[in-house]
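# A closer look at the structure
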Amino acid sequence: MHQIQSAGFALATLHNALAEFDPQGQYAKLPFWGALDRIHPQVSDPFTVPQLLQLGLEEQRHLNQLLNEAIESSPELYATLSIQTIHADYITPNILVNQDQVVGILDFEFATRDLRLLDYMSSLDQLASFPWQEVLFEEIVRAFSTGYQALSLLTLAEMRAAISVWKLQRASSLVYWTGWLVEGKGSRQKIVDAVVETLRFETWLQSNQRKWLDALGCV
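The structure contained in this document is the topic of the report that follows. Each residue is numbered by its place in its chain's sequence as written, counting from 1. Predicted model: local features are reported for residues with pLDDT of at least 70 only, side-chain atom pairs are reported and counted for 80 or more only, and whole-chain, interface and lining totals are derived from all residues. To get the side-chain values, take all heavy atoms of the structure and skip hydrogens and water.

Before going further, it helps to examine the overall build of the chain. Runs of H or I in DSSP of at least four residues are treated as helices and runs of E of at least two as strands, each being numbered from the N terminus. If you tally the helices and strands in the chain, you get 8 helices and 4 strands. For the chain, the N- to C-terminal ordering of α and β elements is α-α-α-β-β-β-β-α-α-α-α-α. By the compact-globule yardstick of 17 Å for 219 residues, the chain fits well, its C-alpha radius of gyration being 17 Å. With respect to the three principal axes, the spread of C-alpha positions in the chain is 45 × 45 × 35 Å. Across the 219 residues of the chain, 50% fall into the buried class. Whether two residues are in contact is decided by their heavy atoms, any of which lying within 4.5 Å being enough. Within the chain, counting contacts between residues at least 6 apart in sequence, those at least 24 apart form 78% of the total. Summed over its atoms, the accessible surface of the chain is roughly 10,800 Å², and 52% of this surface lies on carbon and sulfur atoms. One finds the centroid of the 15 positive side-chain charges in the chain at a distance of 2 Å from the centroid of its 25 negative side-chain charges. Each radius of gyration reported is based on C-alpha atoms, and the globular scaling rule is 2.2 Å times the count of residues to the power 0.38. Burial status follows relative accessibility: with a 1.4 Å probe on protein chains alone, a residue under 20% of its type maximum counts as buried, one over 50% as exposed, and anything between as partly exposed. Only the protein chains shown count as covering a residue, and every accessible area follows the Shrake-Rupley method with a 1.4 Å probe. In this tally, Asp and Glu contribute negative charge and Lys and Arg positive charge; neither His nor the terminal groups of the chain are included. Think of each charge as sitting on NZ of Lys, CZ of Arg, CG of Asp or CD of Glu.

Relative orientation of the contacting elements helix 3 (residues 57-80) and helix 7 (residues 162-182) amounts to 120°, with a least axis distance of 9 Å. With respect to their mutual orientation, helix 3 and helix 7 come out oblique. Crossing of helix 3 against helix 7: the hand is left-handed. Only Ser 164, Val 165, Lys 167, Leu 168, Ala 171, Leu 174 and Val 175 of helix 7 make contact with helix 3, whose side of the interface consists of Leu 63, Leu 66, Leu 67, Glu 69, Ala 70, Ser 74, Leu 77 and Tyr 78. Lines fitted to the C-alpha atoms define the axes, with helices restricted to the stretch that makes contact. Angles between their N-to-C directions range from 0 to 180 degrees. To sort the angles, those under 35 degrees are grouped as roughly parallel, those over 145 as roughly antiparallel, those from 65 to 115 as roughly perpendicular, and the leftovers as oblique. Two helices cross in a left-handed way if the nearer one is turned anticlockwise from the farther one by less than a right angle. They cross in a right-handed way if the turn is clockwise.

Residue types Ala, Val, Leu, Ile, Met, Phe, Trp, Tyr and Cys, when buried and joined through side-chain atoms within 4.5 Å, form a set referred to as a nonpolar core. In terms of nonpolar packing, the biggest core is built from 63 residues, with Tyr 120, Met 121, Trp 212 and Leu 216 touching the most fellow members. Among the elements of the structure, helix 1 (2-18), helix 3, helix 4 (116-128), helix 5 (137-149), helix 7 and helix 8 (188-216) are those that each provide at least two residues to this core. Non-local contacts of Tyr 120, meaning those with residues more than four positions away in its chain, are made with Leu 11, Phe 144, Ser 145, Tyr 148, Gln 149, Leu 154 and Leu 216.

We define a salt bridge as a contact between a side-chain nitrogen of Lys or Arg and a carboxyl oxygen of Asp or Glu at a distance within 4 Å. One pass over the full model with this rule turns up 6 salt bridges. One salt bridge connects Lys 167 with Glu 69, and the closest N-O pair in it is separated by 3.0 Å. Taken together, the positions of Lys 167 in helix 7 and Glu 69 in helix 3 put the pair 98 residues apart, joining distant regions of the chain. For Asp 125, the salt bridge is made with Arg 170, and the minimal N-O distance between the two is 3.1 Å.

Being paired, for any two strands, means DSSP has found at least two bridges between them. For strand 2 (residues 95-98) and strand 3 (residues 101-105), the ladder comprises 4 bridges, and the chain directions are antiparallel. Pairing of Leu 96 across the sheet is with Gly 104, part of strand 3. Where strand 2 folds back on strand 3, the antiparallel hairpin that results is connected by 2 residues, among which Gln 99 adopts a positive phi of roughly 50°.

Of note, the phi angle at Gln 54 is positive, near 55°, even though the residue is not glycine. Structurally, Gln 54 is set in the loop between helix 2 (49-52) and helix 3. Even without being a glycine, Gln 99 presents a positive backbone phi close to 50°. Within the secondary structure, Gln 99 is located in the loop between strand 2 and strand 3.

Between rings of Phe, Tyr and Trp, where Trp is taken as its six-membered ring, a pair exists when centres lie within 6.5 Å; planes separated by under 30 degrees are stacked, by over 60 edge-to-face, and by other angles tilted. A full pass over the atoms with the stated rule returns 11 aromatic pairs. Taking 6.4 Å as the distance between ring centres and 65° as the angle between the ring planes, the aromatic pair formed by Trp 33 and Phe 110 counts as edge-to-face. Note that Trp 33 is positioned in the loop between helix 1 and helix 2 and Phe 110 in the loop between strand 3 and strand 4 (112-115), a separation of 77 residues in sequence. By relative accessible area, Phe 110 is classed as buried at 14%. Between Phe 110 and Tyr 176 the ring centres are 5.9 Å apart and the planes differ by 90°, which places this aromatic pair in the edge-to-face class.

Next up on the list: the environment of Tyr 148. Relative to the helices and strands, Tyr 148 resides in helix 5. The class for Tyr 148 is buried, based on a relative accessible area of 0%. Sequence spacing of Tyr 148 and Glu 76 is 72 residues, and the spatial spacing of their C-alpha atoms is 24 Å. Setting aside chain neighbours within four positions, we find Tyr 148 in contact with Gly 8, Phe 9, Leu 11, Ala 12, His 15, Arg 116, Tyr 120 and Leu 154. Polar contacts, as counted here, are pairs of nitrogen or oxygen atoms within 3.5 Å of one another; within protein the pair requires one atom able to donate a hydrogen and one able to accept it, and residues that are adjacent in sequence qualify only if both atoms are side-chain atoms. One polar contact links Tyr 148 to His 15, side chain to side chain, over a distance of 2.8 Å.

Any functional reading would require information that these geometric values do not contain.
Listed below in structure tokens is the structure:
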């Protein structure tokens, strides 16, 4: 857990350093990840994703519901949560660790001005988003959150919006990956697998939301 806590602390350190960079978004070239109709030029209508992926009818219905929730929540999230320059791809392949300490962060290709909480939630999404597979789920979430909040506290609004931002992050990622597929760069099966895991996690959250929020330190 020391590596995970260190990863959380390193993200807070990075966020503090980036907070003063480009506060007006003059250098940001990418649209907000919350703009699902603009995050990939090949997918101007997010609701075409289920058909493009050739999902079953039940999966199409469930994914359309997730996409609709993300689109409806996005304006309020961007109006109330902290926005700054973020890494936007802070996942384990881009985090260099030596003796339980983060010593480097790679790949700033997607760095842009966006919701600070997106970085936080996308990292947790990769580290611990499948609790039925990971017996240490709560410990992982708590370690990352403890590391981050040792240096930079989430606001009350961010804590309350954690689930909504996770859904937005997942929905936007699925739209973006589908755009890759249209371009011939991605694997349909990998994206479909990601859809299945996303929908399964959302179902799990319906009965375990308090456990997730408690591990985040939100309750």
